[in-house]
Every structure is written in C-alpha cells, then in structure tokens.
Amino acid sequence: MDWAVATYDSAFGYVSAQGAPLVDLLDPQPGEKVIDLGCGTGTFAAEIDARGAEVLGIDGSGKMIAQAASLHPGLSFAVGDAHDFTVAEPYDAVASNSALHWMTRDPDAVIAQVHGALRPGGRFIAEMGGAGNCAELITAMQTAWRVFGLSVPELPWYFPTPAEYATRLEEGGFTVRVMEYFDRPTRMTEGPNGAADWVRLFAPEALAAVPPEVAEPLLERINVLAAPALRRESGWVADYVRLRFAAVRKPKGTPFPEAPGPATEASWTPAPSEQAFANCRG
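No experiment lies behind these values; they were computed from the predicted model shown.

Describe the side chain of Ser98, listing the residues and the values that go with them.
By secondary structure assignment, the location of Ser98 is in the loop between strand 4 (91–97) and helix 6 (107–117). For Ser98, a relative accessible area of 10% translates into the label buried. A polar contact is formed between the side chain of Ser98 and the side chain of Asn97, at a distance of 3.5 Å.

Residues and numbers for helix 9 (residues 194–202), please.
Burial within helix 9 is extensive, with 8 of its 9 residues counted as buried. For helix 9, every residue scored as buried is listed here: Gly194, Ala195, Ala196, Asp197, Trp198, Val199, Leu201 and Phe202.

Quick rundown of the packing of aromatic side chains? Include the residues and the values.
Applying the stated rule across the entire model yields 9 aromatic pairs. Pairing Tyr158 with Tyr165 gives two aromatic rings, centres 6.5 Å apart and planes at 50 degrees, and the pair type is tilted. This pair shows no difference in class: Tyr158 is buried, exactly as Tyr165 is. The positively charged end of Lys33 is found above the aromatic ring belonging to Tyr91, 4.7 Å away from the centroid. The lysine or arginine in question, Arg242, covers the ring of Tyr240, its NZ or CZ lying 4.9 Å from the ring centre.

Please provide a residue-by-residue account of the side chain of Glu32, values included.
Residue position: Glu32 is located in the loop between helix 3 (20–26) and strand 1 (33–37). Polar side-chain contacts of Glu32 include one of 3.0 Å to the backbone nitrogen of Gln29. Within polar-contact distance, the side chain of Glu32 engages the side chain of Arg123 at 2.9 Å.

Quick rundown of the nonpolar core? Include the residues and the values.
Ranked by internal contacts, the top residues of the largest apolar core, which has 31 residues, are Leu137, Trp145, Trp157, Trp198, Val199, Leu218 and Ile222. Listing elements by their share of this core, those giving two or more residues are helix 7 (135–147), helix 9, helix 10 (204–208), helix 11 (212–230) and strand 8 (235–249). Apart from residues lying up to four places away in sequence, Leu137 is in contact with Met188, Ala195, Trp198, Leu230, Ala238 and Asp239. Ranked by size, the runner-up nonpolar core spans 29 residues in total, among them Ile35, Leu37, Ile58 and Met128.

Outline the packing of helix 9 against helix 11, listing residues and values.
The contact between helix 9 and helix 11 brings their axes to 7 Å, and the two run at 125 degrees. In terms of their interaxial angle, helix 9 and helix 11 are classed as oblique. In this structure, helix 9 meets helix 11 at a crossing whose hand is right-handed. Each of Gly194, Ala195, Ala196, Val199 and Arg200 in helix 9 lies in contact with helix 11, whose residues at this interface are Glu216, Leu219, Ile222, Asn223 and Ala226. Grouping the amino acids of the contact of helix 9 with helix 11 by side-chain chemistry returns 6 nonpolar, 2 polar and 2 charged.

About the criteria used
- Residues numbered from 1 in each chain as written.
- Predicted model: local features only at pLDDT ≥ 70, side-chain atom pairs only at ≥ 80, totals over all residues.
- Heavy atoms only, no water.
- Helix = DSSP H or I, 4+ residues; strand = E, 2+ residues; numbered from the N terminus.
- Buried < 20%, exposed > 50% of the residue type's maximum accessible area, 1.4 Å probe, protein only.
- Polar contact = N/O pair within 3.5 Å; in protein donor to acceptor, adjacent residues only side chain to side chain.
- Phe/Tyr/Trp six-rings, centres within 6.5 Å; stacked < 30°, edge-to-face > 60°.
- Lys NZ or Arg CZ within 6 Å of the ring centre and 35° of its normal.
- Core = buried A, V, L, I, M, F, W, Y, C linked by side-chain atoms within 4.5 Å.
- Contact = heavy atoms within 4.5 Å.
- Axes fitted to C-alpha atoms, helices over the stretch in contact; angles between N-to-C directions.
- Parallel < 35°, antiparallel > 145°, perpendicular 65-115°, else oblique.
- Left-handed = near helix turned anticlockwise from the far one by under 90°.
- Nonpolar A, V, L, I, M, F, W, Y, C, P; charged D, E, K, R; others polar.

Structure, rendered in structure tokens:
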C-alpha cells in the first residue's frame, strides 16, 4: 500500500484520534516495553510513550515510518511486515490501532508473530474494523464500478466477526479477556468530498486501475450513491463498525484449545469495558 502520507494525517486524522479508549484498555505502565503494530505516522505510539512505556512502532510503509520518525524523533520506529516481523527480546504488550484489517494476507500469521513477540502473560490489545465496517461506503464503491462497466475490485480489507477473531486468537495461543463489537459512526471532519475522498485515500490501488478519463465521474457517482445514508447537514459520516479486544498470551506449556469456550463468548460486550481488563496482566 503506497499511502498518501500527508493526506492521511490532514484529511483523515480521526483514524488516529479515536485511539484514546484503546490506550486506556492497554494501560501501559512506566518501564513496560510495548510494540505499536501498524503504527502509521506514530500518533498512537506517542500516546503510549506519554504513559511512560518504552514503545517500538512497526509499519510496513517506509513513507509512514519516515513521517513517524520526523514527527516523533525521540521514539523508535522500524519498517516491518506484521506477517513475519521478529524482535530480539520479548515485549510486555503489542497494541494495534486501526491496522489489523489491512493485514489480509494471513491473519493467523499476524497473530502468530504477535504471540512470538510477547512474554508469557503479555497483552495483545487492538481495535480494528469489524464485520459490516464501512458497508455503505463499500456498497457505493462496488455499485459505481458496475455502473461504469468495470470489474469490481478485490477489497484490501479484512473485517471479521467477533466469533471469528476470538477463535483465531484462542487457536493462536491467547486467552481472550475482552471482545467488544460496536457501531461508531464517525465524522469525516476534513474530507470535504466525502465518500470520494474516502476511496481516494483507502482504496488507491483500486482507483489506480480505473481508466483516467473515468476516475472523476466514477468518484462523483460514488458520492451520489453514498449520500442518502452518509451525508448529513453537518457533513459526511463514515459508517464504522469496530472490533476492540484484549487478550493475554497463555503461559508456556498451555495447550491450544480447539475452539474458544463459553467464557470467551460471554465476554463479548457492546460497549467499552476497560475495567474488565485492569487486573488480568500476567
């Protein structure tokens, strides 16, 4: 993914700004070592650092890492693929904000790498797009492609259900402590062209495959299709659905279960429950 880094920060800063509840769920302590996986331009890493933890930001985009290092010169950043990154010593926690749904090649490999980066009892805290995320935006996008006689592009995102991702975590050697699944309609505060701007930023590869003379009319049609559901008098709204979870790496020697048990299912809640994780550090 070749991100337009300046646009990401200026037009869609709300992606990073929504990280505060996740930092509270992580509750980083002074002296802890934390990885920010899919760190982007470093905003979430800086929030973790402000709590006194030692943070390493990892992202697959060299441009994002360069921007992060420029904006936060006192922090450590590295280019790395979440599917196969390694660290020299175990960390206390791995956190990820709005990034896991981009790691589509093999979600289980990402979980395995996180497991390998953590000490036993270490925490895996993340928020990502859940099933139904941006459904109106995606429908408008796919419909516009068909209207213009184009092959509907393969989507670059992975939006799992709570049950699906809880199963992956349990089978990957984690105990799930919190699994939240909730709607979060979000103002596109600086994206004046609404759904069209969203496609420009988040689906650039699909747009690049469109004939140049078709691109602008296609984007205009996307706005027309998405407006009834997503345009308000106050501006455009993205129809986000989020999956937020807290999991703990099981102690060494703990066998992986075949599937998550009833306790995991009972832990799913529709609203934030940071206190449920406050005392579960290993």
